[in-house]
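# Architecture and fold: a report
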Amino acid sequence: MKKRMSRLLTTVAVSAIGVGILGIGTLGFSPLASTAALAQTAACPRDDPGITLPPGFCATVFADNLGHVRHMSFAPNGVLYANTWSGRYFRYDTPPAGGFVLALKDSKGTGKADVIERFGDGVPEGSAGGSGVAFYKGAVYAEQNDKILRYAIPEGSIVPKEKPEVVVSDLPLTGDHPMHPFVIDAKGNIYIDLGSATNSCQVDNRKTGSPGIDPCVEQETRGGTWRYDANKTGQKFSAAERFATGIRNGEGFSFDASGKLYATQHGRDQLSQHFPALYKAAEAAELPAEEIVQVEQDDDFGWPRCYFDGMQKKLVLAPEYGGDGGKTIGVCAEKKPPAAFFPAHWAPNDLLVYTGKAFPSAYQGGLFVAFHGSWNRAPAPQGGYDVVFQPMKDGKAAGDFIVFADGFAGAIKEPVRAAYRPGGLAMGPDGALYIADDQKGRIWRVTYHGNADAKIEAAPAPKVIPVAVIDKLPDVSELPVPAGATREQIVLGDKIFHGQMSDGTCLGCHGSDGKGTPQGPSLISGNFVQGAGGQGLDTLEAITKFVTEGVPKPRNFSDPMPPKGGAPLSDADIKAVAAYVWAISHLKKM
């Protein structure tokens, strides 16, 4: 059951091996845990990492408070390099001072980074950092804004002494997916993800009922994988270097032991919001599936004409291109299906084929996937915010995935309110798994201390301990009531806002506490000034018009708000939501 944002009692999730969020160092085990599992876990350090893992696996905090850490890459000497990001997605907050690229070294063998150095440009030099990073032939390659840069690392140092060289420039920065994750193979081929500029290549991006552009010209320069040469400088982005297409937002890359390239695929959003006659909100919360694709030259994975229906286990025609809610396949029969798939909207932000030997043999050759967490599963609960393991055989999924690491989000699985959000994965020279968070900048190190023949087993669910939290928001019964509305309307609006009635989707973009997400502004801060016709939120009439008509072109956010939030709201529902939004936006005036 969804919690109302006005409750004074919430919960804080803690791991099954402690309650470190509360600063308590005691160990807590399930009474059903086996003796062997207890013995294995007892080998773990007693400090609590805040996440849960399968028996025999241990996590320690390798480094913390680093900024918005995205992807990571190890040098052969054991130095971990990471890229961090800032800018629009993170609300232009203030990152740690210095460059966006990090060098982290455990010089004492304690499992913690005791040497941390930053390099590259920072905010004063106009950088917003990036996601992609790799180590190749004595140099760190890092994404910065529209470029891939190469920093030569001199012998005896972990950071560069000279300015970087530009390997690739003029990478697109516009639209919904401005990041450029990449990977480099043993031959020096650099594969770069160019995420789509739009959700589904509509004539009007994210607008209800808008058809798809045919042909989708955007695909010439977006929505796929591009290939360049890591050994050359001065390369410029163009359509000619496209390696594969039909990948809406790739994010994570990894090679298996044979050199095959795998990538993540973020499925498209808002089927019910844009085509309510074809999809119910509850259906759209489960469509389409997230994917892992095996990428080869000239592959086409279907975007934007197709999406992968995880329930039917097949690619189907998208509504923008004549689809009928998942019945028709059409041209999608010609597209390449995924190697593995996962629940909708979990946001797979990185991928690692485990080629090490430190974990049990059952894990070797399988996929670890870092799920950043959803924002648009409303009215269903948000999902993801974990790391899963997918067994593989012959390049395809071999059985069901398991949740390998859990508890990152803490009490609330929402983009802004989550404690941590997995975003990067790397394998150390010793086979340890490293997991990066881009919420607060934590990196975990995961090691194994159990039986080498152990079977794959899911992480235990995080323990949830009630903790009294002082919440400045009053109970819904105490919210101010605007002139022309009633207390009953505010109560109804609260339920719709939180997805408990009428398939309301408001919390997806504005958060269950109304304080906003990367997709939508805060309704409480008093800074929300763009209502319908340029009006603010001072009057009930303006808010009602705003909810009814939506916001096709937001000033500070990339995602438009569809009319009625894309939900099947009646006139009475709209009035109730408007009354509720007015009430929470006028709290400071009480």
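Keep in mind that what you see is a predicted model, and the values were worked out from it rather than measured.

Conventions and cut-offs
- Position numbers for residues count from 1 along each chain, tracking the sequence in the order it is written.
- For a predicted model such as this one, the threshold for reporting local features is a pLDDT of at least 70, and the threshold for listing and counting side-chain atom pairs is 80 or more; totals across whole chains, interfaces and linings nevertheless cover every residue.
- Side-chain figures throughout are based on the complete set of non-hydrogen atoms in the structure, without hydrogens or water.
- Any residue with an atom within 4 Å of a point lines the site, the site being either a cavity, points on a 1 Å grid over the protein atoms alone where a 1.4 Å probe fits but cannot get out, or a pocket, an open set with protein on both sides within 12 Å along at least 5 of 7 lines.
- Grid points are joined across faces, edges and corners, and a volume is the space filled by probe spheres set on the points.
- Each helix is a run of DSSP H or I of at least 4 residues and each strand a run of E of at least 2, with the numbering of both proceeding from the N terminus.
- Here the term charged refers only to Asp, Glu, Lys and Arg, the term nonpolar to Ala, Val, Leu, Ile, Met, Phe, Trp, Tyr, Cys and Pro, and the term polar to all other amino acids, Gly among them.
- Strand pairing is assigned whenever DSSP detects at least two bridges linking the two strands.
- Inter-axis angles, ranging from 0 to 180 degrees, are taken between N-to-C directions of lines fitted to C-alpha atoms, where helices are fitted over the stretch in contact.
- Here the aromatic set is Phe, Tyr and Trp, taking the six-membered ring for Trp, and pairing holds for ring centres within 6.5 Å; pairs whose planes are under 30 degrees apart are stacked, those over 60 apart are edge-to-face, and all others are tilted.
- Each residue's exposure class comes from its accessible area (1.4 Å probe, protein chains only) as a fraction of the maximum for that residue type: buried when under 20%, exposed when over 50%, partly exposed otherwise.
- What makes two residues a contact is simply this: any of their non-hydrogen atoms within 4.5 Å.
- A carboxyl oxygen of Asp or Glu within 4 Å of a side-chain nitrogen of Lys or Arg is what we treat as a salt bridge.

Across all of its chains, the model carries 5 cavities of 30 Å³ or more by this definition. Put simply, the largest cavity is a space of about 120 Å³. Lining the largest cavity we find 16 residues, and of these Gln270, Gln273, Asn376, Ala378 and Thr505 sit closest to its centre. Those elements that provide at least two residues to the lining of the largest cavity are helix H2 (271-274), helix H3 (281-284) and helix H5 (506-510). Ranked by the residues each element gives to the lining of the largest cavity, the list is headed by H2, at 3 residues. In terms of residue class, the lining of the largest cavity is made up of 8 nonpolar, 7 polar and 1 charged. What the second largest cavity holds in volume is close to 90 Å³. As for the second largest cavity, its lining consists of 15 residues, of which Gln265, Arg268, Trp303, Cys306 and Tyr307 are closest to the centre.

This part covers the sheet that holds strand S11 (residues 182-184). The strand order S11-S12-S13-S15 describes an open sheet built from 4 strands, whose pairing is antiparallel. Pairing within the sheet leaves two strands with one partner each, and these edge strands are S11 and strand S15 (242-245). Geometrically, the sheet is characterised by an average inter-axis angle of 20° between neighbouring strands, direction not taken into account. Sheet analysis places S11 next to strand S12 (residues 189-194), joined by 3 bridges and oriented antiparallel. Bridge pairing in S12 links Phe182 to Ile192.

Counted under the stated rule, the structure contains 34 aromatic pairs. Residues Phe57 and Tyr363 carry aromatic rings whose centres are separated by 5.3 Å and whose planes lie at 70° to one another, so their mutual orientation is edge-to-face. Separated by 306 residues along the polypeptide, Phe57 in strand S2 (residues 57-63) and Tyr363 in the loop between strand S22 (348-353) and strand S23 (367-371) bring together distant segments of the chain. Note on Tyr363: relative accessible area 1%, which makes it buried. When the ring of Phe408 is compared with that of Trp444, the centres are 5.0 Å apart and the planes differ by 90°; the resulting orientation is edge-to-face.

With that settled, the discussion passes to the layout of surface pockets. By volume, the second largest pocket is sized at about 970 Å³. Lining the second largest pocket are 39 residues, with Val183, Ile184, Ser254, Phe255 and Leu352 sitting closest to its centre. Within the residue set of the lining of the second largest pocket, elements represented by two or more residues are strand S3 (68-74), strand S7 (133-136), S11, strand S16 (253-255), strand S18 (290-295), S22 and strand S28 (422-427). A per-class count over the lining of the second largest pocket returns 25 nonpolar, 9 polar and 5 charged.

Glancing now at the environment of Ile153. Tracing the chain through its elements places Ile153 in the loop between strand S9 (147-152) and strand S10 (165-169). Separated by 13 residues in the primary sequence, Ile153 and Val140 place their C-alpha atoms 7.1 Å from one another. Apart from residues no more than four positions distant in its own chain, Ile153 is found in contact with Tyr81, Phe135, Gly138, Ala139, Val140, Ile158, Val159 and Pro160.

Tracing the backbone shows Gly175 in the loop between S10 and S11. With near-sequence residues (within four places) excluded, Gly175 lies in contact with Arg88 and Ala197.

Time to look at the pattern of salt bridges. On inspection of all chains with the given rule, the structure shows 17 salt bridges. Across the pair Asp438 and Arg70 runs a salt bridge whose closest N-O atoms are separated by 2.6 Å. Taken together, the residues Asp438 in the loop between strand S29 (433-437) and strand S30 (443-448) and Arg70 in strand S3 connect sequence positions 368 residues apart. Each member of the pair, Asp438 together with Arg70, is buried. Residues Lys336 and Asp299 are paired through a salt bridge, measuring 2.8 Å at the closest nitrogen-oxygen approach. Here Lys336, found in the loop between strand S20 (314-317) and strand S21 (340-342), pairs with Asp299, found in the loop between S18 and strand S19 (306-309); they are 37 residues apart in sequence, far enough to count as distant. Exposure remark for Lys336: the relative accessible area of 21% places this residue in the partly exposed category. When its relative accessible area of 12% is taken as the criterion, Asp299 is described as buried. Within the structure, one salt-bridge network assembled from shared partners comprises Asp176, Arg206, Arg248 and Asp269.

It is worth stressing that arrangement in space is one thing and function is another; only the former is reported here.
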